[in-house]
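Survey of secondary and tertiary structure
As a plain string of letters, each chain reads:
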Amino acid sequence: VQEEKIFAGKVLRLHVCTMEGAEWLEEVPEDTTVEKLKERCLKHCLPGSLEDPKTVTHHKLIHATSEKVLTDTKTVLEENIQDRDVLLLVKKRAPTLLPKMSDVVAEEKRKQEQKAPDKDAILKATANLPARSVDRSVTHHNMRDFQTELRKILVSLIEVAQKLLALNPDAVELFKKANAMLDEDEEDRVDEIALRQLTEMGFPESRAVKALRLNHMSVTQAMEWLIEHADDPSVDAPLPGSAPAEAPAEAAASSAEAAAGPSSEEGGEEAKDELTEIFKKIRRKREFRPDPRAVIALMEMGFDEKEVVDALRVNNNQQNAACEWLLGDRKPSPEDLDKGIDTNSPLFQAILENPVVQLGLTNPKTLLAFEDMLENPLNSTQWMNDPETGPVMLQISRIFQTLNRT
């Protein structure tokens, strides 16, 4: 008996498959290398292919169960291949060819042609064009913003609503109702949900109310204000400019008596005129309250206090927008805030011709909404969700958007 047969390893029967569908059994000792096994498989399925030395390196054996690619230098035993295991003989994918240098140069040239011109190229190409000066303020003014235009629309619609209420046969009763709502100081209107959130945190109710009024009903800003002023001795002092509760009621009663006093036709006309003037004074008596923290921050940048207050008034107490206004062309000016829209413009005519708007202008609550939004634009969402004033605001917005697209 030959020595190699005495010490020969265990013979394994392996099931080999190819991608083309060929199948057969290979019997190999367990000490056979994967490379030798691969050569035997190639002789079986591709006779004569071994003449090309690259054939072996271009194929690989894969263990079907573990999906592992077998290493050529290892033996069948080292790869833990068992009897009756299935192996796959697969041709390796051809490596991606590197692009030719001519193709690379052509691609770079194409990218350079598609690249946007730089500043020097633009100046060179436009050197012979006539110079034109563009008024940027006019260009900016022509870009109509809904919030800016809405304020102008509200100013004009307030005038119309005042006249309609004055011409109504029940003007006195309507005036009493509208004046009672309009004379309600903003201090009497507090967001109950926001107030409850602050009181649940442990803040006293009176301080929480004051903080909410100073911070436009923002819970986060009000909480920061309460923390900052916790040790301030004047934290519980009433807000400046708050009038006694009896004053609005007395003013309403005296105004109503003045409107209802004359009984003749001439006196009725005088009452209507006086009623219109009183409506105008109602809006004027409300003073703008700038955010004190925004005032301090902007004044620290070197701006005058009056300029800062004007900027905050124009930009609805928004500090960042106010800063941009101060550093920019300062348009619109504070005087522009009280100007209405051109009554002969197609926009205003379309708004007045809308039946929903016409009906809403006869409602004192609509006048209240317009006045309140002029004073505090942040309350626009509240009036948009109101069942009485919401449809009017929706129609105004739709008409503006429609005409702005044309």
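A few points on the structure. Fair warning: this is a prediction, and the values are worked out from it, not measured in the lab.

With respect to unusual backbone geometry
Within the chain, Glu67 stands out as a residue other than glycine whose phi angle is a positive 60°. Tracing the chain through its elements places Glu67 in the loop between strand E3 (59–63) and strand E4 (68–69). Residue classification places Glu67 among the exposed positions, given a relative accessible area of 67%. With a phi angle near 60°, Asn80 is a residue other than glycine that sits in the positive phi range. A residue is classified by how much of its surface remains accessible, and Asn80, at 55% relative accessible area, is exposed.

Let's talk about the sheet that holds strand E5 (residues 86–91)
One open sheet holds the five strands; their spatial order is E2-E1-E5-E3-E4, and the pairing between them is mixed. Two strands in the sheet have a free side with no partner beyond their single neighbour: strand E2 (23–29) and E4. Across four bridges, the pairing between strand E1 (residues 11–18) and E5 is parallel. Paired with Val16 across the bridge in E5 is Leu87. Its contacts with the sheet place helix H2 (residues 34–45) against E1, E2, E3 and E5, and it is angled at close to 145° to E2.

Quick look at the side chain of Ser156
Within the fold, Ser156 resides in helix H7 (residues 146–167). A distance of 2.9 Å separates a polar side-chain atom of Ser156 from the backbone nitrogen of Ile341. Filtering out sequence-adjacent residues up to four positions away, Ser156 remains in contact with Gly340, Ile341 and Phe348.

Considering the pairing of E1
With seven bridges joining them, E1 and E2 adopt antiparallel strand pairing. Across the sheet, Leu12 pairs through a bridge with Val28, a residue of E2. Linking E1 back to E2 in an antiparallel pair, the connection comprises four residues, with Gly21 at a positive phi of about 105°.

A closer look at the pattern of salt bridges
This structure, assessed with the given rule, holds ten salt bridges. Here Lys38 makes a salt bridge to Asp72, at a shortest N to O gap of 3.0 Å. Taken together, the residues span a long stretch of sequence, with Lys38 in helix H2 and Asp72 in the loop between E4 and E5 at a distance of 34 residues. In this structure, the salt-bridge partner of Arg110 is Glu107, at a minimum N-O distance of 2.4 Å. Of this pair, Arg110 and Glu107 both sit in helix H4 (residues 101–114), separated by three residues, roughly a single helical turn.

Definitions and cut-offs
Residues numbered from 1 in each chain as written. Predicted model: local features only at pLDDT ≥ 70, side-chain atom pairs only at ≥ 80, totals over all residues. Heavy atoms only, no water. Helix = DSSP H or I, 4+ residues; strand = E, 2+ residues; numbered from the N terminus. Buried < 20%, exposed > 50% of the residue type's maximum accessible area, 1.4 Å probe, protein only. Pairing = 2+ DSSP bridges. Contact = heavy atoms within 4.5 Å. Axes fitted to C-alpha atoms, helices over the stretch in contact; angles between N-to-C directions. Polar contact = N/O pair within 3.5 Å; in protein donor to acceptor, adjacent residues only side chain to side chain. Salt bridge = Lys/Arg side-chain N within 4 Å of Asp/Glu carboxyl O.

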